[in-house]
Amino acid sequence: AEFEAVFENRESSLKDFEGFAGFTLLRSSSIASKGGGGSEAFAGENGLNYSTCSIWDCKESWIKWFKDSRKGSSSSPGGMKDLLNGPPSPVFWDGVLVLESEDGA
């Protein structure tokens, strides 16, 4: 999938930013279709929906990364503009419980 390849192949310094803990690219396991339970508004290529999840030590660290990435750092989502239905819309969650295996998340 082209969208996944952009994430996989881009040069990123995300892991070098203070406060960064982790990143996951998420792909829905069902295809979005009319009446099929998916959201056509967010359907990507082949009807798949994607989301990202990054974990930071605090919201302020994410805001600093976001501002820096808009200045042209290698963590900015270069090459994605043509693949998105619109600009990213951040949603913030406070972690209240973390469970991990011995190998980590």
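Presented here is a report on the structure given in the accompanying data block. Fair warning: this is a prediction, and the values are worked out from it, not measured in the lab.

Tracing the sequence through the fold places Ser 61 in helix 2 (residues 59–69). Leave out the neighbours within four places in its chain, and Ser 61 touches Glu 18, Gly 19 and Trp 56.

Before going further, it helps to spend a moment on helix 1 (residues 2–9). All buried positions along helix 1 are accounted for by Phe 3, Val 6 and Phe 7. Considered in projection along helix 1, the buried side chains sweep an arc of 95° and stay on one side of the axis. Away from its buried face, by an angle of more than 90 degrees, helix 1 presents the exposed residues Glu 2, Glu 8 and Asn 9.

The next thing to look at is the packing of aromatic side chains. Ring pairs (aromatic) are described by centroid distance and by the angle formed between their planes. What the rule picks out here adds up to 7 aromatic pairs. For the pair Trp 56 and Trp 65, a centre-to-centre distance of 5.9 Å together with 35° between the ring planes defines the contact as tilted. Judged by relative accessible area, which is 12%, Trp 65 ranks as buried. Relative to Trp 65, the ring of Trp 62 lies with its centre 6.0 Å away and its plane at 55°, an arrangement referred to as tilted. Of this pair, Trp 62 and Trp 65 both sit in helix 2, 3 residues apart, which is roughly one turn of that helix. With a relative accessible area of 14%, Trp 62 lands in the buried category. Counting every residue linked through ring pairs, the aromatic cluster contains Phe 20, Trp 56, Trp 62, Trp 65, Phe 66 and Phe 92. Positioned above the aromatic ring of Phe 92, the side-chain terminus of Lys 59 is 4.5 Å from the ring centre.

Conventions we followed
- Throughout this description, residue numbers start from 1 for each chain and increase along the sequence as written.
- The model is predicted, so local features are restricted to residues of pLDDT at least 70 and side-chain atom pairs to those at 80 or more, both for listing and for counting; the totals for chains, interfaces and linings are taken over all residues.
- Side-chain calculation: all heavy atoms of the structure are included, whereas hydrogens and water are not.
- We count a stretch as a helix when DSSP gives it H or I for four or more residues in a row; a strand needs E for two or more, and each element gets its number in order from the N terminus.
- We call two residues in contact whenever any of their non-hydrogen atoms come within 4.5 Å of each other.
- A 1.4 Å probe rolled over the protein chains alone gives each residue an accessible area, and that area as a share of the maximum for its type sets the label: buried under 20%, exposed over 50%, partly exposed in between.
- The directions from the helix axis to the C-beta atoms are what the arc is built from.
- Geometry of aromatic contacts follows a simple scheme: Phe, Tyr and Trp rings, the Trp one being its six-membered ring, pair when their centres are within 6.5 Å, and the pair is stacked under 30 degrees between planes, edge-to-face over 60, tilted otherwise.
- We count a charge as sitting over a ring when the NZ of a lysine or the CZ of an arginine lies within 6 Å of the ring centre and within 35 degrees of the ring normal.

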